[in-house]
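Survey of secondary and tertiary structure
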Amino acid sequence: MDLGIKGKRALVCASSKGLGRGCAEALAEAGVDLVMNARGAEALAETAARLRDAHGVEVTEVAADITSDAGRAEVLAAAGTLDILVTNAGGPPPGMWHDWERDDFVAALDANMLTPIALMKALLPGMMERGWGRVVNITSQSVKSPIPVLGLSNAARAGLTGYVAGTARQVAPSGVVINNLLPGIHATDRAVSLDTGVSQAQGISLDDARTQREATIPARRYGTAEEFGQTCAFMCSVHAGFMIGQNILLDGGAVNTTM
Ligand code: NAP
């Protein structure tokens, strides 16, 4: 399918690895020029070079912490005019409800709620003025169904989801489309780190922790960054213009709901 976005320019945050990289790659495949970001310069340069070589698109790299004011300013200054924004950052650490203090919540809100909001605030006016834009926020399945050990994520992402629900409807008349993409478990470094926590807590091997989790998923496997990226690219495409303020769940059926 021609996504109709060849020659557009996208910022994909936190994209040297994992789900962000999957999104960057699928957009590059659709002919979109990229601004890519991560804190570690080496992995970022490697991924950027691979996408340039494979897809012949222009790729600008900005090694910076997207959750800091200075990092965001650096990314936005290098980015220039953007048609597409994919927000993403590392997820908060696991724990239990009684573990977290105010500062832990502030850090989680900063990374997973206030950072995407700040990026939208900076970029929506230009998109609205030009009459076309796409925003995809990578959130989590925890928005639909809380994950007990990820209370910080449950809280921060719910806040972002509420903000998007209202804002998406305010900018839609100007041709700007905002939606959220909700990963269930996907095979990335984040999944390895979560499974390591389970293996340590239960005294089982990492493989057994993964097998145990896979058994709870109707698709009986983890998702891949590639399939996640393709869904993201569709949500950034010309075909997604009537999809406003939705929360698209990619979880292999793990969340057991009818709607
Ligand atoms: P990941 O494999 O840990 O990848 C993280 C990527 O983000 C790396 O490129 C990393 O590079 C970059 N990054 C992390 N923090 C950053 C920051 N502050 N500024 C800029 N770049 C940053 O994570 P993932 O699995 O792709 O997950 C992406 C998001 O989806 C996370 O918020 C995660 O919580 C959420 N999620 C993931 C899953 C899953 O199963 N994978 C499920 C639900 C939700 P550097 O470290 O070099 O910065």
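Residues numbered from 1 in each chain as written. Predicted model: local features only at pLDDT ≥ 70, side-chain atom pairs only at ≥ 80, totals over all residues. Heavy atoms only, no water.

Right, let's get into the sheet that holds strand E7 (residues 247-250). With parallel pairing, seven strands are arranged side by side in an open sheet as E3-E2-E1-E4-E5-E6-E7. A strand with exactly one partner marks an edge of an open sheet, and here the two such strands are strand E3 (59-63) and E7. Averaged over all adjacent pairs, the angle separating strand axes in this sheet is 15°, with direction ignored. Pairing between strand E6 (residues 176-183) and E7: four bridges, direction parallel. Residue pairing for E7: proline 183 is matched across the bridge by leucine 250. In the packing of helix H2 (residues 41-55) onto the sheet, the strands contacted are strand E2 (33-38) and E3, and the crossing angle to E3 comes to about 175°. (Pairing = 2+ DSSP bridges. Helix = DSSP H or I, 4+ residues; strand = E, 2+ residues; numbered from the N terminus. Axes fitted to C-alpha atoms, helices over the stretch in contact; angles between N-to-C directions. Contact = heavy atoms within 4.5 Å.)

What follows concerns the environment of leucine 250. Topologically, leucine 250 is positioned in strand E7. Linking leucine 250 and methionine 235, residues 15 residues apart in sequence, is a C-alpha distance of 13 Å.

Before going further, it helps to spend a moment on the pattern of salt bridges. Think of it this way: side chains of opposite charge can pair up when their charged atoms draw near. Applying the stated rule across the entire model yields seven salt bridges. The salt bridge partner of glutamate 214 is arginine 210, with a shortest N-O separation of 3.1 Å. Highlighted residues: glutamate 214 and arginine 210, both in helix H7 (residues 206-214), separated by four residues, approximately one helical turn. Here glutamate 214 falls in the buried class, since its relative accessible area comes to 17%. (Salt bridge = Lys/Arg side-chain N within 4 Å of Asp/Glu carboxyl O. Buried < 20%, exposed > 50% of the residue type's maximum accessible area, 1.4 Å probe, protein only.)

With that out of the way, let us pick up the site of the ligand. Within the structure, the ligand sits among 28 residues, and Ser16, Leu19, Ala89, His186 and Thr188 are positioned closest to it. The separation between a nitrogen atom of the ligand and a polar main-chain atom of glycine 90 is 3.2 Å. For the ligand, whose accessible area on its own is 890 Å², the fraction buried by protein is 89%. Its residues assigned to classes, the shell around the ligand shows nine nonpolar, 13 polar and six charged. Both of domain 1 (9-184 + 224-246) and domain 2 (185-222) provide at least three residues apiece to the shell around the ligand. (Near = heavy atom within 4 Å. Polar contact = N/O pair within 3.5 Å; in protein donor to acceptor, adjacent residues only side chain to side chain. Areas by Shrake-Rupley, 256 points an atom, 1.4 Å probe, with all protein chains shown as cover. Nonpolar A, V, L, I, M, F, W, Y, C, P; charged D, E, K, R; others polar. Domains from an automatic or database assignment.)

Here the focus is a nonpolar patch on the surface. A contiguous nonpolar surface patch, about 330 Å² in accessible area, is contributed by Met96, Trp97 and Val149. Secondary-structure assignment places tryptophan 97 in the loop between strand E4 (84-87) and helix H4 (102-130). When its relative accessible area of 67% is taken as the criterion, tryptophan 97 is described as exposed. (Patch = residues over 30% accessible without salt bridge, like charges linked within 9 Å, V, L, I, M, F, W, Y side chains within 5 Å.)

A few words on the domain arrangement of the protein chain. Accessible area lost during the coming together of the parts is what is often quoted as the interface size. What the domain assignment reports for the protein chain is domain 1 (9-184 + 224-246) and domain 2 (185-222). The C-alpha centroid of domain 2 is placed 25 Å from the C-alpha centroid of domain 1. Tallying the contact residues gives 13 residues for domain 1 and eight residues for domain 2. Summed over both sides, the interface of domain 1 with domain 2 buries roughly 770 Å², with 52% coming from carbon and sulfur. Summed over the three residues of domain 1 that lose the most area to domain 2, namely Gly184, Thr224 and Glu227, the buried surface amounts to 44% of that side. There are one salt bridge connecting domain 1 and domain 2. Between arginine 221 and glutamate 227 there is a salt bridge, with its nearest N and O atoms 2.7 Å apart. Across the contact surface, domain 1 and domain 2 share four residue pairs in polar contact (both at pLDDT 80 or more). Looking at the side of domain 1 that touches domain 2, the elements that each hand over two or more residues are helix H1 (18-29) and helix H8 (225-235). Across the side of domain 1 that touches domain 2, the residue classes tally to six nonpolar, five polar and two charged. (Buried area = accessible area lost by both parts, 1.4 Å probe.)

Attention shifts here to the side chain of arginine 157. Note on placement: arginine 157 falls in helix H5 (residues 151-171). Buried arginine 157, no salt bridge; nearest opposite-charge side chain is aspartate 65, N-O distance 13 Å. Within the local environment of arginine 157, its side chain forms a polar contact with the side chain of serine 153, the two groups lying 2.8 Å apart. Among residues more than four places away in sequence, those in contact with arginine 157 are Gly91, Pro92, Asn112, Ile138, Thr139, Ser140, Ser142 and Val143. (Lys, Arg positive; Asp, Glu negative; His and termini not counted.)

With that settled, the discussion passes to the layout of surface pockets. One water molecule sets the probe size; rolling that probe over the atoms shows where empty space is left. Looking at the second largest pocket, its volume works out to about 210 Å³. Gly18, Arg21, Gly22, Ala225 and Glu226 are the residues nearest the centre of the second largest pocket, which is lined by 14 residues in total. Listing elements by their share of the lining of the second largest pocket, those giving two or more residues are H1 and H8. Considering each element in turn, the lining of the second largest pocket owes the most residues, six residues, to H1. The residue makeup of the lining of the second largest pocket includes at least three contributed by each of domain 1 (9-184 + 224-246) and domain 2 (185-222). (1 Å grid on protein atoms, 1.4 Å probe; cavity = no way out; pocket = protein on both sides within 12 Å on 5 of 7 lines; lining within 4 Å. Points joined across faces, edges and corners; volume = space filled by probe spheres on them.)

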